[in-house]
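Fold and geometry: a report
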Amino acid sequence: MKQKVNPYEVEGKIDYDKLIKEFGVKKITPEVLSEIQKITGELHPYLKREIFFAYRDLKKVLDEYKKGNKFFLYTGCGPSGPIHLGHISTWRFTKWLQEKFDVELWFQFTDDEKFLYKNMSYDEIQKWTYENMLDVIALGFDPKKTHFLIDTKHAGIIYPEAIKVAKKITFSSIKAAFGFTDSNNIGSIFYTAMQTVPVFLPNILRNENRPCLIPLGIDQDVHFRLSRDVVEKLGHEKPAIIHSKFMVPLTGTEGKMSSSNPGSAILMTDSPSEVKRKINKYAFSGGRDTVEEHRKLGGNVDVDVACQWLKYFEFDDEKLKKIYEDYSSGKLLSGEVKKILIDKINDFLAVHQKKRREAVKLIDKFIYKV
Ligand code: TYM
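Residues numbered from 1 in each chain as written. Predicted model: local features only at pLDDT ≥ 70, side-chain atom pairs only at ≥ 80, totals over all residues. Heavy atoms only, no water.

What follows concerns the overall build of the protein. A count of helical and extended segments in the protein gives 18 helices and 9 strands. C-alpha extents for the protein along the principal axes are approximately 65 × 45 × 45 Å. Here the protein holds 370 residues, and the buried ones make up 53% of them. A fraction of 77% describes how many contacts in the protein between residues 6 or more apart in sequence connect residues 24 or more apart. Looking at the protein as shown, the accessible area adds up to about 16800 Å², and 52% of this sits on carbon and sulfur atoms. Of the side chains in the protein, 59 bear a positive and 51 a negative charge, and the two mean positions are spaced by 1 Å. (Helix = DSSP H or I, 4+ residues; strand = E, 2+ residues; numbered from the N terminus. Buried < 20%, exposed > 50% of the residue type's maximum accessible area, 1.4 Å probe, protein only. Contact = heavy atoms within 4.5 Å. Areas by Shrake-Rupley, 256 points an atom, 1.4 Å probe, with all protein chains shown as cover. Lys, Arg positive; Asp, Glu negative; His and termini not counted. Charge placed at Lys NZ, Arg CZ, Asp CG, Glu CD.)

Structure, rendered in structure tokens:
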């Protein structure tokens, strides 16, 4: 299947080097990693493992930071269904950035976007907004330094800025970027303006001039490709971006994990037995047809979803290396790697689900007070 990457469709086996060229972003090099490490002291496994692999203007933001001008982080969630492990890979890394750089995070919940794009009622979207906020809080962001913006609730502060952005983006550039036709609703045409505003809104609210760094999955880059120049024309700095690859679906290494395809995703609310069932049933295996063959020829870690997912959950480099070696040599069988993954994910989810229950009481602390 031909590769397709935009906020509304991710298809095919993604060639990330090709994307780097197509999108005009830069690859994260060892030099960039060492620049980060000089400040943070260590590197997050997602950086070492090239899960976060590309950037725009990152060096500028690091230079400013070293001069004492701290950036703020901006990222977001489109609330139209349950949160899965793919979403949180981006946010776990965001949390690490918040901690290591000691910076504020502005987190946008785009309930307007999902209402406009999905065949769902306004009330359903509000329910998912609430549920998704619980998952974000459960990841442990600092409530004093994290501000939730909900598009319909914070419209009073977002909208006056969104119209300034919208006035500078033509319908033809939106059409070209998203492949819109005459049958798209007019709200969806406007939406990119809403996603652009948090790039500079904190500076307006605080009367400051801080750089903005956006951690995101690379599908979201399109919005900012359209609006980075616009932001500058409005007198604000272009945002820096750090891009993540996609966590692959359970069923194979094409496309991305997504809530709309139940066999493809593990949800944050899945029970231990559900996690076990899904992985055993759906996780695409890089193993051989028979145990004898597997022992002789070994498995293929590159297509084995359990091996690929362990990159997100086994943070000990040595342990991960050993699993990869043993699987490649045939010493470890597919079922055994799946078992390692099931245990890792269930340990992670047990903590997450406890924090998620506690998050109910914390929501108010996170929602930005106008
Ligand atoms: P949404 O809700 O589709 O996704 C939220 C974030 O999760 C990333 N993501 C993934 N990352 C890795 N593997 C996957 N399988 C996977 N699936 C989703 C997305 O790239 C995204 O970073 N319009 C946005 C919400 C938004 C936003 C932002 C996102 C508003 N402002 C600024 C990033 C930055 C949306 O619907 O995201």
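Attention now moves to the packing of helix α2 (residues 30-40) against helix α5 (residues 85-101). Their axes nearest at 9 Å, the elements α2 and α5 cross at an angle of 55°. On the basis of the axis angle, α2 is oblique to α5. Taken together, the residues of α5 that come into contact with α2 (itself represented by I36, I39 and T40) are W96, K100 and F101. (Axes fitted to C-alpha atoms, helices over the stretch in contact; angles between N-to-C directions. Parallel < 35°, antiparallel > 145°, perpendicular 65-115°, else oblique.)

By nearness alone, 28 residues border the ligand, and Y74, G78, E113, D219 and M247 come closest of all. With respect to the ligand, the side chain of D219 contributes an N or O atom lying 2.6 Å from an oxygen atom. The contact in question runs from a nitrogen atom of the ligand to an N or O atom on the backbone of M257, over 3.2 Å. With 5 residues, α5 is the single largest residue contributor to the shell around the ligand. Its residues assigned to classes, the shell around the ligand shows 10 nonpolar, 13 polar and 5 charged. (Near = heavy atom within 4 Å. Polar contact = N/O pair within 3.5 Å; in protein donor to acceptor, adjacent residues only side chain to side chain. Nonpolar A, V, L, I, M, F, W, Y, C, P; charged D, E, K, R; others polar.)

For Q98, the location among the structural elements is in helix α5. For Q98, a relative accessible area of 5% corresponds to the buried category. In sequence terms Q98 and A138 are 40 residues apart; their C-alpha atoms lie 15 Å from each other. Sequence-distant contacts of Q98, that is, excluding residues within four places in its chain, are made with L73, V103, E104, L105, F141, D142, K145 and T146. At 3.2 Å, the side chain of Q98 and the backbone oxygen of K145 are in polar contact. Side-chain polar atoms of Q98 contact the side chain of T146, separated by 3.1 Å.

Let us now look at the domain arrangement of the protein. Here the domain parsing of the protein yields domain 1 (4-251) and domain 2 (272-357). Taken over C-alpha atoms, the centre of domain 1 sits 30 Å from the centre of domain 2. With 21 residues of domain 1 at the interface, the matching set in domain 2 holds 22 residues. Summed over the three residues of domain 1 that lose the most area to domain 2, namely R49, L85 and L250, the buried surface amounts to 34% of that side. Between D317 and R49 there is a salt bridge, with the nearest N and O atoms lying 2.8 Å from each other. The tally of links from domain 1 across to domain 2 stands at 11 residue pairs in polar contact (both at pLDDT 80 or more). Listing elements by their share of the side of domain 1 that touches domain 2, those giving two or more residues are α3 (45-48), α5 and α7 (122-138). Residues of the side of domain 1 that touches domain 2, tallied by class, amount to 13 nonpolar, 3 polar and 5 charged. (Domains from an automatic or database assignment. Buried area = accessible area lost by both parts, 1.4 Å probe. Salt bridge = Lys/Arg side-chain N within 4 Å of Asp/Glu carboxyl O.)

This part is about the sheet that holds strand β3 (residues 26-27). Strands belonging to one sheet form pairs held by backbone hydrogen bonds; the direction of such a pair is parallel or antiparallel. Taken together, 7 strands build an open sheet; the order of strands is β3-β4-β9-β8-β5-β6-β7 and the sheet is mixed. Looking at which strands have only one partner, the edges of the open sheet turn out to be β3 and β7 (146-150). Bridge analysis of strand β5 (residues 72-77) against strand β6 (residues 105-109) gives 5 bridges, and the strand direction is parallel. Considered in β6, the bridge of Y74 is made with W106. (Pairing = 2+ DSSP bridges.)

A separate point is the pairing of strand β8 (residues 212-217). With 6 of 6 residues buried, β8 is to be regarded as a mostly interior element. Burial along β8 is two-sided: the face carrying C212, I214 and L216 and the face carrying L213, P215 and G217 are both buried. Inspection of the sheet shows β8 paired to strand β9 (residues 240-244) by 5 bridges, in the parallel sense. Residue pairing for β9: I214 is matched across the bridge by I241. What joins β8 to β9 is helix α12 (residues 221-233), and the crossover it makes is right-handed. (Right-handed = clockwise from strand over helix to strand, strands pointing away.)

What follows deals with the nonpolar core. Among the nonpolar cores identified, the biggest contains 73 residues, and L47, L85, W309 and I345 are the most heavily contacted of them. For L85, the residues in contact, after removing those within four places along its chain, are M247, M257, I266, M268, W309, F313, I345 and L349. Core analysis: the second largest hydrophobic core is formed by 29 residues, I157, I158, F180 and V199 among them. (Core = buried A, V, L, I, M, F, W, Y, C linked by side-chain atoms within 4.5 Å.)

You can see H223 is positioned in helix α12. Separated by 3.0 Å, the side chains of H223 and T192 make a polar contact. Ignoring sequence-local partners within four residues, the contact set of H223 consists of P7, Y8, E113, F178, Y191, T192 and Q195.

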